[in-house]
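These are the residues of each chain, in order.
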Amino acid sequence: MSPTDPIDPTEPTAPDAAATSDALLRVRGLQKSFGANQVLQSIDLTVGRGHVLALIGPSGSGKTTILRCLNGLELANGGTIDVADELSVDFAAIPGKSQRAALRDRSAMVFQHYNLFPHKTVLENVLEGPVVVQRRPKAEVEAEALALLDRVGLSAKKDSYPFELSGGQQQRVGIVRALALRPQLLLFDEPTSSLDPELVGDVLRLIKELAVEGWSMVIVTHELEFAREVATEVAFVDGGRIVEHGDPNQLLRHPKEERTRQFLHRLLFPF
Amino acid sequence: MNQSAWDLFWTSLGPIVQGAILGTIPLALASFTIGLALALGLALMRLSRRRWVSGIARVYISIVRGTPLLVQLFVIFYGLPSLGILIDPWPSAVMAFSLNVGGYAAEVIRAAILSVPKGQWEAAYMIGMSHRRALTRIILPQAARVSVPPLSNTFISLVKDTSLASLILVTELFREAQQVAAFSQEFMLLYLEAALVYWVICLGLSSVQSVLEKRLDRYVPH
C-alpha cells in the first residue's frame, strides 16, 4: 500500500504485519468500580500489532467497560495501560490530563448506537476529528475521507445527514470516522448489535477487511462465528474478570472453563 | 365606531407604534440578548459537578422565579437609590428584565443540554475533543434546536412584560397608550389599541419562530 492510500494508516501508525510479535497494547491489573460496584476486578490483556482481540461474555460482565477504559471514556481506578513502547499510563493515581489525552489519541472507537453527530453531514462527521481537533490540513483530510467513504460505498451520501441513512450505513460512517482519526488501535463496542439482521453482514465484512489489512483491534461482540473467523484471540469476560482466553477455535469449540461452556451453550441454544 | 373614535385611533397609532419601535422592541431585544447569555452561564453552573457552583445558580433561579417581576423592577429602580445606587429608568428596566429572563431561560437551556444523548458527548470525547469544544460544537447546536420553542415563549412573554416598564417611567408602547388615554378619557379604545399592537408584534415573532424551527430541523426526520 502506498502512503496515500486512504485506508493505509500511514507512518507512524501503520500496522506492521511483519512485526506481529511485539505488543501494541498491554493492560495489567486494570480495575474499575462505580461506587461500591467493582465492575472490573483485575484485567490483564495484550494485543499484538495487527492482532484482533474479541471480547465475549454476558451483558454486564464488564467487556464494554474494558473498551471504555482503553479510550479513556471511563477512568480506571487501578492498573496500567501501555501502548507500544511509547506510552504508559498508571491508574494507581489519577493520571494527568495530558496522559489521558495521549491515551485517547491512540485509539478510536466505534459505538453500538453509532453516535454520529446528527447536525453534521456524513462528510462533516468524518472531518470533525482530523480537521477541528487534530488540525490537519482540510484538503488532505477531505481527500482521504472521500476515499474512505468511497471504499465503504457511501461517497454518494457524503452530504446526507445521518437520519437519512440506514443503520448499516450509519455504522459504516462510524467506522470511517474512526479510521480518519488514524488511530493505532480500533475499538468496536458491539458494532452490529443495533442493526437489523440483514444489515449486519455489510458491517462485519468491512471489519473483517480491516482486520486482514493489519489494523489492530479490540472487538466486543456477540457474533461468535465472526469472532472465530476474524479474531486472533478471544477472551471470555465474566464478573469483571477474564475467565479464559486463547485461540478462537480452541476457546469457542473446546472451552476449558465451565462458565465459558455454559455461556457458549446459552448463545448457541437460546431456547 | 363613530368618526371621532376612528380619528383618535389613527392619530394615537403614531405615538403607540413609535413607543413600540423605540421602547418595547429594543427593550425586549436588549434584555433577551443579555438574559440569554446570563442563562447559558447559569445553565452550565447548574450542570457543574461542584456543589457550590450549582448551588449558587440554583438559589439565583429560585429567587428570580419565586418573586414577581414587578417587585424585581421596583427593587432596582425605587429600592436601590436608598443604598445610594441611582439607575436611570431605561437601564433599570433592561437590568430587571435581563436578570429575570436569565433565571427562566437557564432552566430551558439546562433541560435542552440534558436532552442531548450521552452518546454525543462520548463521540465528541472519542474524537479527541475537550469538554468545552464538545459543548460548543456538538452539544449546544443540538440543544439549540430543542430550545427554540420554549425560548420563543420566554421572548414573547418578555415582550408583553416590558409594559411593566411604564411604571418606572420608561417611554414604551403601553405608556404612550396610557398618556393618550388619560388625555382623551377613551380608555377602552386606547387599551384595546395597545393590545392589538402587542398582538401584531407577537404574531411576527411567532412566524420568526417557525422559520427558525424549520432551519434547525433540517437534520431530523420529518
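Each residue is numbered by its place in its chain's sequence as written, counting from 1. Chain letters start at A and ligand numbers start at 1, both assigned in the order the entries are written. Predicted model: local features are reported for residues with pLDDT of at least 70 only, side-chain atom pairs are reported and counted for 80 or more only, and whole-chain, interface and lining totals are derived from all residues.

Student: So what's going on with the overall build of chain B? Which residues, and what values?
Tutor: Numbering of helices and strands runs from the N terminus, with a helix taken as a DSSP run of H or I at least four residues long and a strand as a DSSP run of E at least two residues long. Along chain B, the regular secondary structure elements total 8 helices and 0 strands. Reading the secondary structure of chain B in the N-to-C direction produces α-α-α-α-α-α-α-α. Across its three principal directions, the C-alpha atoms of chain B cover 70 × 50 × 25 Å. Exposed residues have 12 or fewer other C-beta atoms within 10 Å of their own C-beta, buried residues have 20 or more, and partly exposed residues fall in between, where C-beta atoms are placed from the backbone. The proportion of buried residues among the 222 residues of chain B is 36%. Here the contacts in chain B between residues at least 6 apart in sequence split such that 75% fall between residues at least 24 apart. Residue pairs qualify as contacts under a 7 Å threshold applied to their C-beta atoms, which are placed from the backbone.

Student: Requested: an account of the overall build of chain A, with residues and values cited.
Tutor: When its secondary structure is counted, chain A shows 9 helices and 10 strands. Over its C-alpha atoms chain A spans a radius of gyration of 18 Å, differing by no more than 12% from the 18 Å that the globule rule assigns to 271 residues. Classification of the 271 residues of chain A by burial places 45% in the buried group. Here the analysis covers contacts within chain A between residues at least 6 apart in sequence; of these, 65% occur between residues at least 24 apart. For the radius of gyration, the atom set is restricted to C-alpha positions; the globular benchmark scales as 2.2 Å times the number of residues to the power 0.38.

Student: Outline the interface of chain A and chain B, supporting the account with residue identities and numerical values.
Tutor: Chain A puts 20 residues into the contact, and the matching count from chain B is 16 residues. When contributions to the side of chain A that touches chain B are tallied by element, the ones reaching two or more residues are α2 (97-106), β6 (107-110) and α3 (122-133) of chain A. Take the side of chain A that touches chain B: its biggest share by element is 4 residues, from α3 of chain A. Split into classes, the residues belonging to the side of chain A that touches chain B amount to 11 nonpolar, 6 polar and 3 charged. Residue type decides the class: Asp, Glu, Lys and Arg count as charged, Ala, Val, Leu, Ile, Met, Phe, Trp, Tyr, Cys and Pro as nonpolar, and the leftover types, Gly among them, as polar.

Student: Would you mind going over the packing of helix α5 (residues 167-180) of chain A against helix α6 (residues 197-212) of chain A in detail, with residue names and values included?
Tutor: All names here are of chain A. Convention adopted: a line fitted to C-alpha atoms gives each axis, helices being fitted over their contacting stretch, and angles between N-to-C directions are expressed from 0 to 180 degrees. Where α5 contacts α6, the axes come no closer than 9 Å and their chain directions differ by 15 degrees. Overall, the two elements α5 and α6 adopt an arrangement that is roughly parallel. Crossing of α5 against α6: the hand is right-handed. For the pair α5 and α6, the contacting residues are Gly167, Gly168, Gln171, Arg172 and Ile175 in the first and Leu199, Asp202, Val203 and Leu206 in the second. Looking at the contact of α5 with α6, its residues break down into 4 nonpolar, 3 polar and 2 charged. These descriptions rest on fixed angle ranges, namely under 35 degrees for roughly parallel, over 145 for roughly antiparallel, 65 to 115 for roughly perpendicular, and the rest for oblique. Whether a crossing is left-handed or right-handed is set by the direction in which the near helix is turned from the far one by less than a right angle, anticlockwise for left-handed and clockwise for right-handed.

Student: Help me get a handle on the pairing of strand β2 (residues 37-48) of chain A, residues and values and all.
Tutor: Residues and elements named next belong to chain A. Should DSSP find at least two bridges between two strands, the strands are regarded as paired. For strand β1 (residues 23-34) and β2, the ladder comprises 8 bridges, and the chain directions are antiparallel. For leucine 25, the partnering residue across the bridge sits in β2 and is valine 47. Hairpin connection between β1 and β2: a loop of 2 residues separates the two successive antiparallel strands, and glycine 35 in this loop has a positive phi of roughly 60 degrees.

Student: So, the sheet that holds β1 of chain A: which residues are in play, and what are the values?
Tutor: Residues and elements named next belong to chain A. Spatially, β2-β1-β4-β5 is the arrangement adopted by the 4 strands of the open sheet, whose pairing is antiparallel. Edge positions in the sheet fall to β2 and β5 (87-90), since each of these pairs with one other strand and no more. Strand after strand, the sheet turns through a mean of 10 degrees between neighbouring axes, direction not considered. Sitting on the sheet, helix α1 (residues 63-70) is in contact with β1, β2 and β4 (78-83), with an inclination near 65 degrees to β2. Contacts from α2 reach β4 and β5, with the element oriented near 125 degrees to β5.

Student: Just give me the short version of the UniProt feature "domain: ABC transmembrane type-1" (unreviewed entry) in chain B, but keep the residues and values in it.
Tutor: As annotated by UniProt and renumbered to match this structure, "domain: ABC transmembrane type-1" (unreviewed entry) occupies residues 21-209 of chain B. Structurally, residues 21-209 of chain B comprises 82% helix and 0% strand, and the distance from its first C-alpha atom to its last is 20 Å. UniProt positions are given in the numbering used here, feature names are shortened, and annotations may be inferred rather than shown by experiment.

Student: Run through the sheet that holds strand β3 (residues 52-56) of chain A, naming residues and quoting values.
Tutor: Through backbone hydrogen bonds, the strands of a sheet pair up, either in parallel or in antiparallel fashion. Residue and element names in this part refer to chain A. Spatially, 6 strands are ordered β6-β7-β8-β3-β9-β10 in an open sheet, and the strand pairing comes out mixed. Unpaired on one side and paired on the other, β6 and β10 (241-246) mark the two borders of the sheet. Taken pair by pair, the neighbouring strands of this sheet meet at an average axis angle of 20 degrees, ignoring direction. Looking at chain direction, β3 and strand β8 (residues 216-220) are connected through 4 bridges and run parallel. What sits directly across from valine 52, in β8, is methionine 217.

Student: Pulling in residues and values, what's your account of the environment of leucine 8 of chain B?
Tutor: All names here are of chain B. Relative to the helices and strands, leucine 8 is located in helix α1 (residues 3-46). Taking the C-beta count within 10 Å as the criterion, leucine 8 has 19 such neighbours and is therefore assigned partly exposed. As a C-alpha pair, leucine 8 and glutamate 186 span 178 residues in sequence and 8.8 Å in three-dimensional space.

Student: Talk me through the packing of helix α4 (residues 89-115) of chain B against helix α6 (residues 131-161) of chain B; I want residue IDs and the actual numbers.
Tutor: Residue and element names in this part refer to chain B. Running from N to C, α4 and α6 point in directions that differ by 150 degrees, and their axes come no closer than 8 Å. Considered as vectors, α4 and α6 are oriented roughly antiparallel to each other. For the crossing formed where α4 meets α6, the hand is right-handed. Seen from α4, the contacting residues are Phe97, Val101, Tyr104, Ala105, Val108, Ile109, Ala112, Ile113 and Ser115; seen from α6, they are Ile139, Ala143, Val146, Ser147, Pro150, Leu151, Thr154, Leu158 and Asp161.

Student: Can you lay out the confidence of the model for chain A for me, pointing to particular residues and giving the numbers?
Tutor: Summary of the metric used: pLDDT quantifies the predictor's per-residue confidence within the range 0 to 100. Across chain A, pLDDT averages 91, with 92% of residues at or above 70. Low pLDDT, under 50, characterises residues 1-21 of chain A; the predicted model gives this stretch 32 contacts beyond four residues in sequence or across chains.

Student: Tell me about helix α3 (residues 69-79) of chain B, residues and numbers included.
Tutor: Residue and element names in this part refer to chain B. The complete set of buried residues in α3 reads Gln72, Leu73, Ile76 and Phe77. With its buried residues spanning 115 degrees around the axis, α3 presents them on a single face. Turned more than 90 degrees from where α3 packs its buried face, Val71 and Tyr78 sit exposed. Buried residues belonging to α3 abut α4. The reported arc concerns the directions from the helix axis to the C-beta atoms and nothing else.

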